[in-house]
Amino acid sequence: DTEVTQTPKHLVMGMTNKKSLKCEQHMGHRAMYWYKQKAKKPPELMFVYSYEKLSINESVPSRFSPECPNSSLLNLHLHALQPEDSALYLCASSQDLAGAKNIQYFGAGTRLSVL
Amino acid sequence: GESVGLHLPTLSVQEGDNSIINCAYSNSASDYFIWYKQESGKGPQFIIDIRSNMDKRQGQRVTVLLNKTVKHLSLQIAATQPGDSAVYFCAENTYYNFNKFYFGSGTKLNVKP
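Residues numbered from 1 in each chain as written. Chains lettered and ligands numbered in written order. Predicted model: local features only at pLDDT ≥ 70, side-chain atom pairs only at ≥ 80, totals over all residues. Heavy atoms only, no water.

Q: Would you mind going over the overall build of chain B with me for this structure?
A: Looking only at helices and strands, chain B features 0 helices and 11 strands. The linear arrangement of helices and strands in chain B, starting from the amino end, is β-β-β-β-β-β-β-β-β-β-β. Computed over C-alpha atoms, the radius of gyration of chain B comes to 13 Å, within 12% of the 13 Å expected from 2.2 N^0.38 for 113 residues, which places it in the range of a compact globule. Dimensions of chain B, computed from the C-alpha atoms along their principal axes, are close to 40 × 25 × 20 Å. Per-residue burial over chain B gives 44% buried out of 113 residues. On chain B, roughly 5,500 Å² of surface is accessible, and the fraction owed to carbon and sulfur atoms is 46%. Taking the average location of the 11 positive side-chain charges in chain B and that of its 9 negative ones, the two points are 1 Å from each other. (Helix = DSSP H or I, 4+ residues; strand = E, 2+ residues; numbered from the N terminus. Rg over C-alpha atoms; globule rule 2.2 N^0.38 Å. Buried < 20%, exposed > 50% of the residue type's maximum accessible area, 1.4 Å probe, protein only. Areas by Shrake-Rupley, 256 points an atom, 1.4 Å probe, with all protein chains shown as cover. Lys, Arg positive; Asp, Glu negative; His and termini not counted. Charge placed at Lys NZ, Arg CZ, Asp CG, Glu CD.)

Okay, here's the thing in structure tokens:
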């Protein structure tokens, strides 16, 4: 099983709403990632978790709050988002961070629209 | 800042022809490069990787070439098929220490039947 599952597939929210994106993998991977992808652009790294600890935060605004409840799950909590935050949010996982174990497996993403 | 860029944003090829997708990188510390393929409505999918101690690596119908002198890598797809139509990204990192992981700007490959 090389699948990373993201829910929901689509999400529409207002700027005052609170919502969460969920990501799950059962490959035994110990590194998990959140990316943001705008149309016709490459994915941009947001957060990296390694062994359930936040390893990298790419200066992401605090209205995005990641959480890693266990080694299989990764959440992204959203609060007071702006319309420019509308994008495809991708989750990925890899065996580990270093070397060829960093090959990342991606979910299909959550298409987020902020009104 | 450091960046990974591509020369051609769109590439159209005839089915059965070979495709070459190019990528330039600027971070001299990067020693590990990965190609991903992203089909419409899907997340990126790993294709092939190469470390800087190699110049060439082959997979099934794909070959990656690395020229460290000019900081350039390319992805060659043999006998291109309609299923190869997608956006292709190169990405760079350091092999022993995950530091900055960058995707290039991407090349859209259109395969004409």
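Q: Where do I start with the interface of chain B and chain A in this structure?
A: Size of an interface, as often reported, equals the accessible area lost when the parts are brought together. Taken together, the contact pairs 21 residues of chain B with 22 residues of chain A. For the pairing of chain B and chain A, the buried interface totals around 1,500 Å² over both sides, and the portion due to carbon and sulfur atoms is 61%. If you sort the residues of chain B by the area they bury against chain A, P44, F98 and F103 of chain B come out on top, with a joint share of 34%. The tally of links from chain B across to chain A stands at 0 salt bridges. Where chain B meets chain A, there are 2 residue pairs in polar contact (both at pLDDT 80 or more). Secondary-structure elements contributing two or more residues to the side of chain B that touches chain A are β4 (32-38), β5 (45-51) and β9 (86-93) of chain B. (Contact = heavy atoms within 4.5 Å. Buried area = accessible area lost by both parts, 1.4 Å probe. Salt bridge = Lys/Arg side-chain N within 4 Å of Asp/Glu carboxyl O. Polar contact = N/O pair within 3.5 Å; in protein donor to acceptor, adjacent residues only side chain to side chain.)

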